[in-house]
Amino acid sequence: MKSVILGSILVASLLALVVILFRKRLGLSVFASIGIHVVLAAVGIYIVNYSGWITGIYIPLNPATIGTVTFLGLPGVGLLLGLKISLFG
């Protein structure tokens, strides 16, 4: 019963989101822009991890780190590097 209620809330939310997106004429360009930012964030973290630029530092690819770099851009990679170095040596 609980899963049916949660599923119906999810479907209603998705439908409301689609209605809002197409009513405001945002279309799929918003999703494309977000997708490009997420991919570039993952590539930035991957380059830092495997380039050997800073040895011994590894930033995991998870939603929190990718979200940080997506929101902040390349300074987000620097932020994550600084946090990793200062907190974990």
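Cut-offs applied
- Residues numbered from 1 in each chain as written.
- Predicted model: local features only at pLDDT ≥ 70, side-chain atom pairs only at ≥ 80, totals over all residues.
- Heavy atoms only, no water.
- Helix = DSSP H or I, 4+ residues; strand = E, 2+ residues; numbered from the N terminus.
- Rg over C-alpha atoms; globule rule 2.2 N^0.38 Å.
- Contact = heavy atoms within 4.5 Å.
- Buried < 20%, exposed > 50% of the residue type's maximum accessible area, 1.4 Å probe, protein only.
- Core = buried A, V, L, I, M, F, W, Y, C linked by side-chain atoms within 4.5 Å.

S.K.: Please give an account of the overall build of the chain that cites residues and values.
M.R.: Counting its regular elements, the chain contains four helices and zero strands. Beginning at the N terminus, the succession of helices and strands in the chain can be written as α-α-α-α. In terms of overall size, the chain is more extended than a compact globule, its C-alpha atoms giving a radius of gyration of 18 Å where 89 residues would be expected to give roughly 12 Å. Summarising its shape, the C-alpha atoms of the chain cover approximately 50 × 35 × 20 Å along the three principal directions.

S.K.: Could you give an account of the side chain of Thr-65, naming the residues involved and the relevant values?
M.R.: Counting through the fold element by element, Thr-65 comes out in helix H3 (residues 63-72). Among all residues touching Thr-65, those that are not within four sequence positions of it are Ile-45, Ile-59, Pro-60 and Leu-80.

S.K.: Explain the environment of Val-30 to me, and be specific about the residues and the numbers.
M.R.: Relative to the helices and strands, Val-30 resides in helix H2 (residues 29-50). With relative accessibility at 29%, the residue Val-30 sits in the partly exposed group. Each C-alpha atom of the pair Val-30 and Leu-6 lies 26 Å from the other, and the pair is 24 residues apart in sequence.

S.K.: Residues and numbers for the nonpolar core, please.
M.R.: Grouped together as the largest cluster of nonpolar side chains are 10 residues: Ala-41, Ile-45, Val-48, Ile-57, Ile-59, Ile-66, Val-69, Val-77, Leu-80 and Leu-81. Every element with two or more residues in this core is listed here: H2, H3 and helix H4 (74-88). Apart from residues lying up to four places away in sequence, Ile-45 is in contact with Ile-59, Leu-61, Thr-65, Ile-66 and Val-69.

Everything listed here is a matter of coordinates, which is why it stays silent on function.
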